Amino acid sequence: MNAPAPALRQLHRLERNDALRSRMSSFLLWAMMIGLLLLSGCGGGGGADTTSNPPGGGEGGGDYNGPAPQTADVQAFRLALWENVRDENRCGACHSAVGGQDPMFARSDDVNLAYAAAIMPVVNRGDPDESLLVTQVADGHFCWLTSNEACADTMENYIENWIGGSGGAVNEIELSIPIQKDVGESKNFPDDSSGFSPIHTLLTTYCADCHVDSVDLPQQPYFAVSDIDAAYDVVKSKINLDTPEDSRLVVRLGSEFHNCWDDCTANADEMETAIQTFSDSIVPTEVDPDLVISKALLLGDGIVASSGGRFETNVIALYEFKTGTGSTAFDTSGVEPAINMTFSGDVEWVGGYGIRVTEGGKAQGLTDTSQKLRDRITLTGEYSIEAWVVPGNVVQEDANIISYSGSDTSRNFTLGQTMYNYDFFHRSSTTGANGDPAHSTNDDDEDLQATLQHVVVTYDPANGRRIYVNGVFTDDIDETEGGNLSDWASNFALVFGNETSGNREWEGTLRLVAIHERALTEEQILTNFEVGVGQKFYLLFNVSDHVGLPDAYVVFAVSQFDSYSYLFEEPFFISLDETAVPNSVPMMGMRIGINGREATIGQAYRTLDTTLEAADYSAASGLSLSPTGTIIGLEKGPESDEFFLTFELLGSSSNVVVEADPIAPPTPPDGAPVSDIGVRTFDEINYSMAELTGVSITNSNVLETYETVKQQLPTTENAQTFLSSHQVAISQLAIEYCSELVDNTTLRDGFFNDGTAFNFAAPPGTAAPLGTNWEFQVVLPLVDAVTQSTDLQPMAVGPTRTDMRDELLALITRLGGSGTATNSIAKGTCAAALGSAALLVQ
């Protein structure tokens, strides 16, 4: 039964499990057994150490001198897979003529024989992720990276690049009947952390050297902090209340021997006992018998919907962030050399695949591996940067999300953020060495939001730079003509979340990053957006008992949104019996339940009120219930949280729900003290300068300068957010206003005392003595304007009139002594007054 498109237009990859293998042909089972025996003699099961040697050397090393590939498919096999695995640090040490172990798919003497050995059993062309090459490295066999999963993903991409399996074909997912189980009673974590004390004592005693945020090398989660409530909140997903022996805290000690403080088995038993004691103190939650409920499902009971429908034909660097531990994000594109990204500063893994970058953190690749980008992209002359991002806020500026650069002033490309804008810097023959002028989204559109977004920037010489957000072109046209990439530097590094220098920090989450050596088309971008990001499951909640139809389900697409929540979206109704059709079945007030009770937040479907009609129903795609998505809080973790649905009315079953009166909110506590002193924002500064000088804000020169520096001016009145870059912009705007004032005879004569008697064209000493006359005719009018304007609030604190006068006179004396022209001295004095704290602070 096919699910609806585009919501389910994704390639379903079956999970690797015993049930799948039991369905494989007897020949393939025999071949796998022989392959396992042959492979087991080489490298053990623990994986190999990470190596920096590039692949392709193979037995004997050097270039290949054997027979030429006999077919185009052999050539594709050579370029995508064979060259990457024949190195002696990978498969070539064993599965070659030198190693002598069959199958010799990594032999370097004859690529055609290697090709024949790879076809069966080590490669499954129909389902690459079930290839023996993939499943073996996934189990740790001679993995050349520190992550078995990263090795498996990379090997899978080698195979897909060979057979063209990532060419962007989008397939519908096949729905099947899930495990049927009733909603059971469930132990839930109590709000009070007092029963957690025995576990907390063990954690603070033996784990505080690492899992505390204040140590030199902190390791998340911080469950060993002294604050019991804070520790309790972050450790819940590591505790299994129903089967304490399966708790992650226990497994890490007993099976993985992680930082045992004595005997690992005894330590694991001690931790299990503490968790069991805590669990025994909890009264299980029983589901309310009045509820109209579906059957129950765990996340793992759903049908996996992976990103198989993505268009990745021209991907040369890919980061899916699946590892979840360690300090490296692996490039699993299968295009060598891999640009693996090392974390520094504050970078943490996010549940459901992703990394969060904050407070100066970054992930950075090596310059020699990053050179792959320059080498590949300069050959095509075009490229795309694709990312699923969650910006941490919409006030950060000069923030690098993804950058291929060498310093603050030199880069090949950068995708960045300036408040609500995405910025695209790109180096070519028509732009500067820093990739400027930047191509940015329109200020008024506010395309960038602090939520999960799919952003793609593309470049090709014909169209220049283009920006797409959530599958849609932003309609911002690049005003810089396209050029060539001959000036791209080869010694730059790929960086996520910052600049190589560390001073262009970006705060936010990356869920996926892909770099393509071609400009993606709008259709390809939309395809990748519709596929989504992260590991997604389709949960089929059985409701047959209520609607009177066989194999009837309400289906949700569910994924782990982050470390704290699940995303439920795209619900639809369907029967897997193609002959069954709903006939005027009412459905109202749908809610999501978790662990025996309705979730307290995220009930976006409680207002659902519809009737399932035959006229609206399709046996192939079902019937959509809502386009809305919602977030449900994670409680025990994705392995243990049990979900179900409840309804106020479904078919012949009903449950009258009376909404409780909302609880009156408590009196909010006093917040942090707020200063009485703030700064003027960008529009206030502009209008203030116009009011003081008499220069219109529509003056063409002023308007051009203002539009240039607008995003560099303060956006909030909080003085603590004021930056040096703000002052630079204020000075630029002040200089422009003062230039227009002094150069306009009418405005100048009306502003300065007896302006007609002051010769602004004469040398400074001739125009007026540098003392009294300058003070009377230039300085005092400026001081009066800034400090005594009826349209501006006079400063309660700050420089006195005398202080301002003396500083401005001293400036005039310095400028006059250096031979500066009278006009320029007047403009500089005006700008110093206009750009000072006297105007800025309020």
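A short note on the state of the cysteines
Working definition: the covalent bond between the sulfur atoms of two cysteines is a disulfide.
Phase 1 of the analysis: For the structure shown, the criterion picks out three disulfides.
Phase 2 of the analysis: Here C260 engages in a disulfide with C264; their sulfurs sit 2.0 Å apart. Disulfide C260 to C264: torsion about the S-S bond roughly 105 degrees, handedness right-handed.
Phase 3 of the analysis: Residue class for C264 comes out buried when judged on its relative accessible area of 17%.
Phase 4 of the analysis: C210 provides the cysteine sulfur closest to C207, a residue in no disulfide bond, and the two sulfurs are 8.3 Å apart.

Comments concerning the pattern of salt bridges
Phase 1 of the analysis: Per the counting criterion, the structure on display carries 25 salt bridges.
Phase 2 of the analysis: D743 is the salt-bridge partner of K827, the closest N and O atoms lying 3.1 Å from each other. Of the two residues, K827 sits in helix 21 (residues 822-834) while D743 sits in helix 16 (residues 724-743), which places them 84 residues apart along the sequence.
Phase 3 of the analysis: Classification of K827 by relative accessible area gives partly exposed; the value is 22%.

A word on the packing of aromatic side chains
Phase 1 of the analysis: Tallying each qualifying case throughout the model produces 31 aromatic pairs.
Phase 2 of the analysis: Both rings, one in Y115 and one in W162, keep their centres 5.9 Å apart while their planes meet at 65 degrees; by these two values the pair is edge-to-face. A residue pair is termed long-range when its members are at least 10 positions apart, and Y115 in helix 4 (residues 111-122) and W162 in helix 6 (residues 148-163) qualify at 47 residues. In this pair, the class of Y115 matches that of W162, namely buried.
Phase 3 of the analysis: Ring centres of Y383 and F413 lie 5.3 Å apart, and the angle between their planes is 25 degrees; on these two criteria the pair is classed as stacked. Here F413 lies in strand 10 (residues 410-418) and Y383 lies in strand 8 (residues 383-391), a separation of 30 residues in the sequence. Each member of the pair, Y383 as well as F413, carries the same accessibility label: buried.
Phase 4 of the analysis: An aromatic cluster of three or more residues is present, and its members are Y383, Y404, F413, F424, Y459, W488 and F492.
Phase 5 of the analysis: The cationic tip of R86 hangs over the ring face of W82; the distance from NZ or CZ to the ring centre is 4.3 Å.
Phase 6 of the analysis: Its end group placed over the ring of F473, R466 keeps NZ or CZ at 3.8 Å from the ring centre.

Let's talk about the sheet that holds strand 28 (residues 649-650)
Phase 1 of the analysis: On the basis of which strands lie adjacent, the open sheet formed by four strands has the order 24-21-28-29 and antiparallel pairing. Each edge of the open sheet carries a strand with a single partner, namely strand 24 (609-612) and strand 29 (653-654).
Phase 2 of the analysis: Strand direction decides the pairing type here: strand 21 (residues 585-588) and strand 24, joined by four bridges, are antiparallel. Along strand 24, the bridge assignment pairs M587 with T610.

Concerning helix 12 (residues 522-531)
Phase 1 of the analysis: Considered for burial, the residues of helix 12 that qualify are Q524, I525, T527, N528 and V531. On an axial view of helix 12, the arc spanned by its buried residues comes to 160 degrees, and they lie on one face.
Phase 2 of the analysis: Contact partners of the buried residues in helix 12: strand 8, strand 13 (453-460), strand 14 (464-469), strand 17 (508-516) and strand 18 (536-542).
Phase 3 of the analysis: Immediately beyond the C-terminal end of helix 12, within one or two residues, lies G532, with a positive phi of roughly 85 degrees.

Things to note about the side chain of T328
Phase 1 of the analysis: By the element assignment, T328 lies in strand 5 (residues 328-329).
Phase 2 of the analysis: Not counting the four nearest positions on each side in its chain, T328 is found in contact with N340, M341, F343 and W349.

Things to note about the packing of helix 15 (residues 700-709) against helix 16
Phase 1 of the analysis: Running from N to C, helix 15 and helix 16 point in directions that differ by 180 degrees, and their axes come no closer than 9 Å. On the basis of the axis angle, helix 15 is roughly antiparallel to helix 16. Where helix 15 abuts helix 16, its residues N701, V702, T705, Y706 and V709 lie against A729, Q732, L733, E736, Y737 and E740.
Phase 2 of the analysis: Here the contact of helix 15 with helix 16 is built from residues that sort into six nonpolar, three polar and two charged.

Re the packing of helix 16 against helix 21
Phase 1 of the analysis: One way to put it is that helix 16 packs onto helix 21 with a least axis distance of 8 Å and a crossing angle of 135 degrees. Considering the angle they form, helix 16 stands oblique to helix 21. Considering the relative orientation of helix 16 and helix 21, their crossing is right-handed. Contact with helix 16, carried on its side by A734, I735, Y737, C738, S739, L741, V742 and D743, involves N823, A826, K827, C830, A831 and L834 of helix 21 and no other residues of that element.
Phase 2 of the analysis: Per-class residue counts for the contact of helix 16 with helix 21 are 10 nonpolar, two polar and two charged.

A look at unusual backbone geometry
With the exception of glycine, the majority of residues adopt a negative phi angle, and the majority of peptide bonds are in the trans configuration.
Phase 1 of the analysis: Put simply, E336 and P337 share a cis peptide bond, and its omega is 0 degrees.
Phase 2 of the analysis: Note on placement: P337 falls in the loop between strand 5 and strand 6 (341-349).
Phase 3 of the analysis: For the bond from D436 to P437, the omega torsion is 5 degrees, close enough to zero to count as cis.
Phase 4 of the analysis: Tracing the backbone shows P437 in the loop between strand 11 (421-426) and strand 12 (439-440).
Phase 5 of the analysis: Phi is positive for E446, which is not a glycine, with a value near 50 degrees.
Phase 6 of the analysis: With respect to the helices and strands, E446 occurs in the loop between strand 12 and strand 13.
Phase 7 of the analysis: Positioned with a positive phi, N470 is a non-glycine residue whose angle comes to about 55 degrees.
Phase 8 of the analysis: Along the chain, the position of N470 falls in the loop between strand 14 and strand 15 (472-473).
Phase 9 of the analysis: Judged by its relative accessible area of 27%, N470 is partly exposed.

Rules and cut-offs
- Residue numbers here run from 1 along each chain, matching the order of that chain's written sequence.
- For a predicted model such as this one, the threshold for reporting local features is a pLDDT of at least 70, and the threshold for listing and counting side-chain atom pairs is 80 or more; totals across whole chains, interfaces and linings nevertheless cover every residue.
- Each side-chain value is worked out from all heavy atoms of the structure, with water and hydrogens disregarded.
- Two cysteine sulfur atoms make up a disulfide if the distance between them is within 2.5 Å.
- In this scheme, a residue with accessible area under 20% of its type's maximum is buried, one over 50% is exposed, and one in between is partly exposed, where area comes from a 1.4 Å probe on protein chains only.
- In the sections that follow, a salt bridge refers to a side-chain nitrogen of Lys or Arg positioned within 4 Å of a carboxyl oxygen of Asp or Glu.
- Going along the chain from the N terminus, every DSSP run of H or I of four or more residues is numbered as a helix, and every run of E of two or more is numbered as a strand.
- A pair of aromatic rings is counted whenever rings of Phe, Tyr or Trp (Trp by its six-membered ring) have centres within 6.5 Å, and the orientation is called stacked for planes under 30 degrees apart, edge-to-face for over 60 and tilted otherwise.
- Consider the ring centre and the ring normal. A charge sits over the ring if Lys NZ or Arg CZ is within 6 Å of that centre and within 35 degrees of that normal.
- Think of it this way: DSSP has to see at least two bridges between two strands before they count as a pair.
- Picture the helix axis, draw a direction to every C-beta atom, and the arc is the one those directions span.
- The contact rule is simple, with two residues in contact once any of their heavy atoms fall within 4.5 Å.
- Angles run from 0 to 180 degrees between N-to-C directions of axes, and those axes are lines fitted to C-alpha atoms, restricted for helices to the stretch in contact.
- Working definition: roughly parallel below 35 degrees, roughly antiparallel above 145 degrees, roughly perpendicular at 65 to 115 degrees, and oblique for all remaining angles.
- Residue classes follow a fixed rule: Ala, Val, Leu, Ile, Met, Phe, Trp, Tyr, Cys and Pro count as nonpolar, while Asp, Glu, Lys and Arg count as charged, and any other residue, Gly among them, counts as polar.
- Here is the rule for handedness: rotate from the far helix to the near one, and if that takes an anticlockwise turn smaller than a right angle the crossing is left-handed, while a clockwise turn gives right-handed.

Just geometry here; none of it tells us what the structure is for.
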